[in-house]
Amino acid sequence: MILLIGSLTIGLILSLLAFGVLVTFRVLAFRDLTVDGSVALGGAVTAALLVHQVHPVVATLAAFAAGALAGTVTGLLHTRCQINGLLAGILVMTALYSVNLHILTKSNVPLDSEAMTTLISYAGSATGTMDLFGWQVPTRELIVLSASAVFIALLGLGLHAFFQTQWGLALRATGDNAQMIRALGVDVGWMQTGGLALSNGLIALGGGLLVQYQGFADVQMGIGMVVWGLASMIIGDSLVGTKQLGWLITGAVMGSLLFRLLVAIALRWGLNPNDLKLVTAAFVFVALVLPEVLKHLPKRRRAASEKGAI
Amino acid sequence: MLELRDATKTFLPGTANEVRALRGVSLRIEAGEFVVVIGTNGSGKSTLLNAVAGMFVLDEGRVELAGHDVTRWAEHRRAKLIGRVFQNPFHGTAPSLTILENLALALRRGQTRGLGWAVSRRLHDELRERVRQMSLNLEDRLDTPIGSLSGGQRQSLTLLMASLVKPQLLLLDEHTAALDPKSADQVIRLTEQIVRRDRLTTLMVTHSMHQAANLGDRLVMMSNGQVVCDIAGSEKLSLRPEDLLARFEDIRRAELLDETAADMLLKSYV
């Protein structure tokens, strides 16, 4: 049961990753690879500030700001210096590795919630266990889970509301039809840059929350995160089965939760943790290819049955 | 209203594929004029329109629009003054957004976009009324994604979007060329209706002799990146498609003569 609650909490925190990937890959149609760097950047900034006894709320918000800055750099590289979008992301991601090492000063920084105040410390005073459908569950874990759920729900609603504003609508149109929105007076370059800032801000915020939950920051924590976010988004898409933005946002949270659970179960059943990234990549591959295969399948079957009839 | 002076543009200069698309075009359009541009493929008529829209920077020459020197203005900045309809019906609308959302975007053409709601209750009613006036039977389908509509419907809506905020200049780039005859007719009717109602200054490029003869109050014929013919007033009113064909034939013959003459000169002197 503790395993389940832990998976759900991490799943919720990483929905931020799925939100970010949703903004770039789906809404803006921009393949942003800054993600791996900005997850770790968010974690590093929050950890470094917490070590220096900065208020945890400030430390967490600083992660968002740092991620937004990284996204802005990717955006400027792409729109002002005409660098291919994929390459711009890779450049920033690579540069961030060194930046993150500087921020953390070493490759791994433990965050002891006894020695410093983190967001988790606020739940720390609650000791003992609670009875949940017959299971004894640590109250502290439950508080963290509920707080994460409320936070992600609010953020999801906020994101949805943002996409209904004049600015948010222009952002969606930029990904949908750049020529059209340019003819309506919108600077497409700035829109893309703004979208990248928002996306990487959300992703770094996820990194900042993750380090507090797991109790350490690691410079390697971002590796493979873009595939992780994609996997969550793809699962979410197929769960909700519509293109409506509100549902896609809901789906991103559901996908992230489900994906985390699947990983926990797979590990429990004896999947070698070293193979985790391989399996994740394979999963995204299958998820991308399967819809195409399924589209062709009924046709073949129909053709076969028609032949049979004759 | 619109003034082009010696507009010159060469694409891919210095290569084997060099195209001298505009060779010093000067054109002046007064406020309220409806000018139709016609010409063969590669005559530079679409390039002329794109030069006004700001899709590239001119090599030489100036563009003035509504009292501004817009020669160096980026495309999105010129959009404040210009409404546009494209040849491809898919270019003018965002397919995954609803009809209402597309219209709401057009309603803020050239204005700042902030964090206010894009579609308010009041706006909804206002836009619904505007769609109803077009008699497209789309006023009850405002929440459908625009991508599910036909090319003709999308082009009609693009036309509405281009004129939703009254533009100083309306640019129509062969906007019926990709439509079936029935939809093309409807879009042309709507074009006439909107241009006349709002007294829009309009620059329209077309392939169709029929449209060129029947629409607008001035006709500009282009060939080889230059304006070769400019007809206005009563002569334009009495113009028939056959007259246009005859003129095209004259121009073609003159060009052929030019080329043979050039060949002859090359052979005898080089």
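Notes on the structure follow.

The rules behind these values
- Residues numbered from 1 in each chain as written.
- Chains lettered and ligands numbered in written order.
- Predicted model: local features only at pLDDT ≥ 70, side-chain atom pairs only at ≥ 80, totals over all residues.
- Helix = DSSP H or I, 4+ residues; strand = E, 2+ residues; numbered from the N terminus.
- Rg over C-alpha atoms; globule rule 2.2 N^0.38 Å.
- Buried ≥ 20, exposed ≤ 12 C-beta atoms within 10 Å, placed from the backbone.
- Contact = placed C-beta atoms within 7 Å.
- Nonpolar A, V, L, I, M, F, W, Y, C, P; charged D, E, K, R; others polar.
- Pairing = 2+ DSSP bridges.
- Axes fitted to C-alpha atoms, helices over the stretch in contact; angles between N-to-C directions.
- Parallel < 35°, antiparallel > 145°, perpendicular 65-115°, else oblique.
- Left-handed = near helix turned anticlockwise from the far one by under 90°.
- Core = buried A, V, L, I, M, F, W, Y, C linked by C-beta atoms within 7 Å.

Looking at the overall build of chain B
Then, in step 1: Within chain B one finds nine helices and ten strands.
Then, in step 2: Taken against the 2.2 N^0.38 rule, which gives 18 Å for 270 residues, the C-alpha radius of gyration of chain B at 20 Å falls within 12% of a compact globule.
Then, in step 3: With the principal axes as the frame, chain B shows a C-alpha extent of 75 × 40 × 35 Å.
Then, in step 4: Across the 270 residues of chain B, 39% fall into the buried class.
Then, in step 5: Within chain B, counting contacts between residues at least 6 apart in sequence, those at least 24 apart form 70% of the total.

Some words on the interface of chain B and chain A
Then, in step 1: Taken together, the contact between chain B and chain A spans 25 residues of the former and 20 residues of the latter.
Then, in step 2: Elements that contribute at least two residues to the side of chain B that touches chain A include exactly α2 (75–78) and α3 (99–107) of chain B.
Then, in step 3: Element by element, the count of residues in the side of chain B that touches chain A is highest for α3(B), at four residues.
Then, in step 4: Classifying every residue of the side of chain B that touches chain A by side-chain character gives ten nonpolar, eight polar and seven charged.

Brief notes about the pairing of strand β3 (residues 34–39) of chain B
All names here are of chain B.
Then, in step 1: Along β3, six of the six residues are buried, which leaves the element largely enclosed by surrounding structure.
Then, in step 2: Of the two faces of β3, both are covered, the one formed by Phe34, Val36 and Ile38 as well as the one formed by Val35, Val37 and Gly39.
Then, in step 3: Across five bridges, the pairing between β3 and strand β8 (residues 202–206) is parallel. By the bridge assignment for β8, Val36 is matched with Met204.
Then, in step 4: Pairing of β3 with strand β9 (residues 218–223) involves five bridges; the strand directions are parallel. By the bridge assignment, Val37 is partnered in β9 with Val220.

Points about the sheet that holds strand β7 (residues 169–173) of chain B
Residues and elements named next belong to chain B.
Then, in step 1: If you walk across this open sheet you meet the six strands as β6-β7-β8-β3-β9-β10, and the pairing is mixed. Since the sheet does not close on itself, it has two edges, and those belong to β6 (82–85) and β10 (226–232), each with one partner. Shown here is a sheet whose adjacent strand axes are inclined to one another by a mean of 20 degrees, direction ignored.
Then, in step 2: Bridging between β9 and β10 involves six bridges; their strand directions are antiparallel. By the bridge assignment for β10, Met222 is matched with Val227.
Then, in step 3: The strands touched by helix α5 (residues 151–164) within the sheet are β6 and β7, with β6 carrying the most contacts at an inclination of about 175 degrees.

Some remarks on the sheet that holds strand β4 (residues 60–65) of chain B
All names here are of chain B.
Then, in step 1: On the basis of which strands lie adjacent, the open sheet formed by four strands has the order β2-β1-β4-β5 and antiparallel pairing. Of all strands in the sheet, those bounded by a partner on one side alone are β2 (19–29) and β5 (68–69).
Then, in step 2: Pairing analysis gives five bridges linking strand β1 (residues 2–11) to β4, with the strands arranged antiparallel. For Arg5, the partnering residue across the bridge sits in β4 and is Arg62.
Then, in step 3: Contacting β1, β2 and β4, helix α1 (residues 45–53) crosses the sheet at an angle of about 65 degrees to β2.

Here we look at the packing of helix α3 (residues 35–51) of chain A against helix α5 (residues 85–104) of chain A
Residue and element names in this part refer to chain A.
Then, in step 1: The geometry of α3 relative to α5 is characterised by a closest axis approach of 9 Å and an angle of 15 degrees between their N-to-C directions. Taken together, the axes of α3 and α5 are roughly parallel relative to one another. Crossing angle aside, the handedness with which α3 passes α5 is left-handed. Contacts between α3 and α5 involve Asp36, Gly37, Ser38, Ala40, Leu41, Ala44, Val45, Ala47 and Ala48 from the first element and Val92, Met93, Leu96, Tyr97, Val99, Asn100, Ile103 and Leu104 from the second.
Then, in step 2: Taken together, the residues that form the contact of α3 with α5 break down as 13 nonpolar, three polar and one charged.

What about the packing of helix α1 (residues 2–13) of chain A against helix α7 (residues 139–162) of chain A?
Residue and element names in this part refer to chain A.
Then, in step 1: Contact pair α1 / α7: the axes reach a minimum separation of 9 Å and the direction vectors enclose 25 degrees. Here α1 lies roughly parallel to α7, going by the angle between them. Read as a crossing pair, α1 and α7 show a hand that is left-handed. Packed against α1, whose contacting residues are Ile2, Ile5, Leu8, Thr9, Leu12 and Ile13, the element α7 presents Glu141, Leu142, Val144, Leu145, Ser148, Ala149 and Ile152 at the interface.
Then, in step 2: By residue class, the composition of the contact of α1 with α7 is ten nonpolar, two polar and one charged.

Topic: the nonpolar core
Then, in step 1: By size, the foremost hydrophobic cluster in this structure holds 145 residues, and its most contacted members are A:Leu17, A:Val21, A:Leu22, B:Val37, B:Val52, B:Leu171 and B:Leu203.
Then, in step 2: Apart from residues no more than four positions distant in its own chain, B:Val37 is found in contact with B:Lys45, B:Leu48, B:Leu203, B:Met204, B:Val205, B:Val220 and B:Met222.

Digging into α3(B)
Then, in step 1: The buried fraction of α3(B) amounts to eight of the nine residues, a majority that puts the element mostly inside the structure.
Then, in step 2: Regarding α3(B), the residues found buried are B:Ile99, B:Leu100, B:Glu101, B:Asn102, B:Leu103, B:Ala104, B:Leu105 and B:Ala106.
Then, in step 3: Packing partners of the buried residues in α3(B) comprise α8 (166–176) and α9 (178–183) of chain A together with α4 (121–133) and α5 of chain B.

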